[in-house]
Amino acid sequence: PGSEDARRAGAQLAWCELRLGRPAAAKARADRVLGPFPDDPHGRLVRGALRAEAGDFPGALEDLRAAEGHVDTAPHASLRLAALLVAHGRLREAAPRVRALLRRRAQEPAVRLVAGWYALGRGDVATARTHAEAALRLAPELAAARALASEVAARSHGAGGAGPRT
């Protein structure tokens with residue numbers, strides 16, 4: 001894949017493979033892009049997602065941060081990076097990304113999920129509930145939204161729901 005268009009197409013196919021649940025195929029396609037072009041942001045995005053799913057936190061951070069710096073891949077990379085940071089308890093680092101995502105993309109269920117888990121991490125059950133309810137309104141079929149709502153309900157019984165808002 002020599003041209004920009006060919007690299008982008010290869011990385012987009014890798015992304016499709018990842019979304020279809022075929023990580024080996026996604027990795028092979030991403031490797032074909034990144035081999036000759038190790039800084040390709042589309043390839044870095046896919047590899048970062050694969051690394052996150054494989055538990056390679058440092059590698060995922062490196063790739064997702066690189067992809068976040070490119071205009072074409074920034075939206076996906078920023079969301080993945082925020083989710084990864086929240087999942088690893090790095091809430092201070094996640095905070096500006098979560099706020100930016102909410103400003104720009106609050107109508108996306110995935111953004112509301114990340115914001116909900118972020119709020120729970122901070123102990124802000126009331127805000128987490130707001131995000132869980134929004135995610136459920138936007139995508140009632142989404143199992144992850146139901147999981148967040150269930151966790152919010154479980155924590156509501158002992159937490160009182162007070163805390164800073166995101």
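Cut-offs applied
- Residues numbered from 1 in each chain as written.
- Predicted model: local features only at pLDDT ≥ 70, side-chain atom pairs only at ≥ 80, totals over all residues.
- Heavy atoms only, no water.
- Helix = DSSP H or I, 4+ residues; strand = E, 2+ residues; numbered from the N terminus.
- Buried < 20%, exposed > 50% of the residue type's maximum accessible area, 1.4 Å probe, protein only.
- Polar contact = N/O pair within 3.5 Å; in protein donor to acceptor, adjacent residues only side chain to side chain.
- Contact = heavy atoms within 4.5 Å.
- Core = buried A, V, L, I, M, F, W, Y, C linked by side-chain atoms within 4.5 Å.

Participant: Can you break down the side chain of arginine 97 residue by residue, with the values?
Facilitator: Relative to the assigned elements, arginine 97 resides in helix 6 (residues 91-105). In this structure arginine 97 comes out as buried when scored by relative accessible area, which is 16%. In this structure the side chain of arginine 97 is engaged in a polar contact, spanning 3.0 Å, whose partner is the side chain of glutamate 68. What arginine 97 contacts, discounting residues up to four positions off in sequence, is Glu68, Ser78, Leu81, Ala82 and Leu85.

Participant: Explain the nonpolar core to me, and be specific about the residues and the numbers.
Facilitator: Burial of nonpolar side chains together is a common tendency in soluble globular proteins. The biggest cluster of nonpolar side chains holds 31 residues, and the ones touching the most others in it are Val46, Val86, Val98 and Tyr118. Contributing elements (two or more residues each) for this core: helix 1 (4-19), helix 2 (23-34), helix 3 (41-53), helix 4 (57-68), helix 5 (74-87), helix 6 and helix 7 (109-121). Broken down by element, the residue count for this core peaks at seven residues, all from helix 5. Formed by 10 residues, the second largest nonpolar core is a distinct cluster that contains Ala119, Ala128, Ala145 and Val152.

Participant: Explain the environment of alanine 77 residue by residue, including any values.
Facilitator: Mapped onto the fold, alanine 77 is located in helix 5. Of the residues examined, alanine 77 reaches a relative accessible area of 0% and is grouped as buried. In sequence terms alanine 77 and leucine 61 are 16 residues apart; their C-alpha atoms lie 9.9 Å from each other. Among residues more than four places away in sequence, those in contact with alanine 77 are Leu45, Leu64, Ala67 and Glu68.

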